[in-house]
Amino acid sequence: EKMRINKCRNISGNFMELTDFPHLKELDLHDTAVTGDTRIISVDDFPVLERLSLPRNVRGGRGYEFRHVPEVPVFMQTINAL
């Protein structure tokens, strides 16, 4: 399953609310008003997610795109240590 909602500033809420969709393979929320914090993502949150694109409103989002959920915590630790 893919969810692409981009360039729609009227869409808001916390992206972590979408963890209720365990079959989600692609999540693209670029250029929305969605918020959240990538530091709290765990592998169990999006078990089959292959692609994640978050807006700048998400802490750690900043327009980054991830190909695998396990990349997110390691990446966040790295950039927060700088």
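Below: a short report on this structure. (Residues numbered from 1 in each chain as written. Predicted model: local features only at pLDDT ≥ 70, side-chain atom pairs only at ≥ 80, totals over all residues. Heavy atoms only, no water.)

**Brief notes about the overall build of the protein chain**
Looking only at helices and strands, one finds 1 helix and 7 strands in the protein chain. Order of helices (α) and strands (β) in the protein chain, N terminus to C terminus: β-β-β-β-β-β-β-α. Its C-alpha atoms give the protein chain a radius of gyration of 12 Å, within 12% of the compact-globule value 12 Å for 82 residues. Dimensions along the principal axes, computed over C-alpha positions, put the protein chain at roughly 35 × 25 × 15 Å. Classification of the 82 residues of the protein chain by burial places 35% in the buried group. Counting contacts in the protein chain only where the partners sit at least 6 residues apart, residues at least 24 apart contribute 41% of the total. Across the protein chain, 11 positive and 12 negative side-chain charges occur, with their mean positions spaced 8 Å apart. (Helix = DSSP H or I, 4+ residues; strand = E, 2+ residues; numbered from the N terminus. Rg over C-alpha atoms; globule rule 2.2 N^0.38 Å. Buried < 20%, exposed > 50% of the residue type's maximum accessible area, 1.4 Å probe, protein only. Contact = heavy atoms within 4.5 Å. Lys, Arg positive; Asp, Glu negative; His and termini not counted. Charge placed at Lys NZ, Arg CZ, Asp CG, Glu CD.)

**A few points about the environment of E26**
Note on placement: E26 falls in strand β3 (residues 26–28). The exposure class of E26 is buried, given its relative accessible area of 9%. Considered as a pair, E26 and E50 are 24 residues apart in the sequence and their alpha carbons are 5.9 Å apart. If we ignore the near neighbours within four places in the chain, the residues touching E26 are E1, K2, M3, R4, L49 and R51. Here R51 takes part through its side chain, which lies 3.2 Å from a polar atom of the side chain of E26. (Polar contact = N/O pair within 3.5 Å; in protein donor to acceptor, adjacent residues only side chain to side chain.)

**Let's talk about the side chain of D37**
Within the fold, D37 resides in strand β4 (residues 32–37). Among the polar contacts made by the side chain of D37, one reaches the side chain of R39 at a distance of 2.6 Å. Those residues in contact with D37 that lie beyond four places of it in its chain are F15, V58 and R59.

**Some remarks on unusual backbone geometry**
Within the chain, K7 stands out as a residue other than glycine whose phi angle is a positive 55°. Along the chain, the position of K7 falls in the loop between β1 (2–4) and β2 (8–14). Classification of K7 as exposed rests on a relative accessible area of 67%. Notably, D31 is not glycine yet its phi reads approximately 60°, a positive angle. The residue D31 is located in the loop between β3 and β4 in this model.

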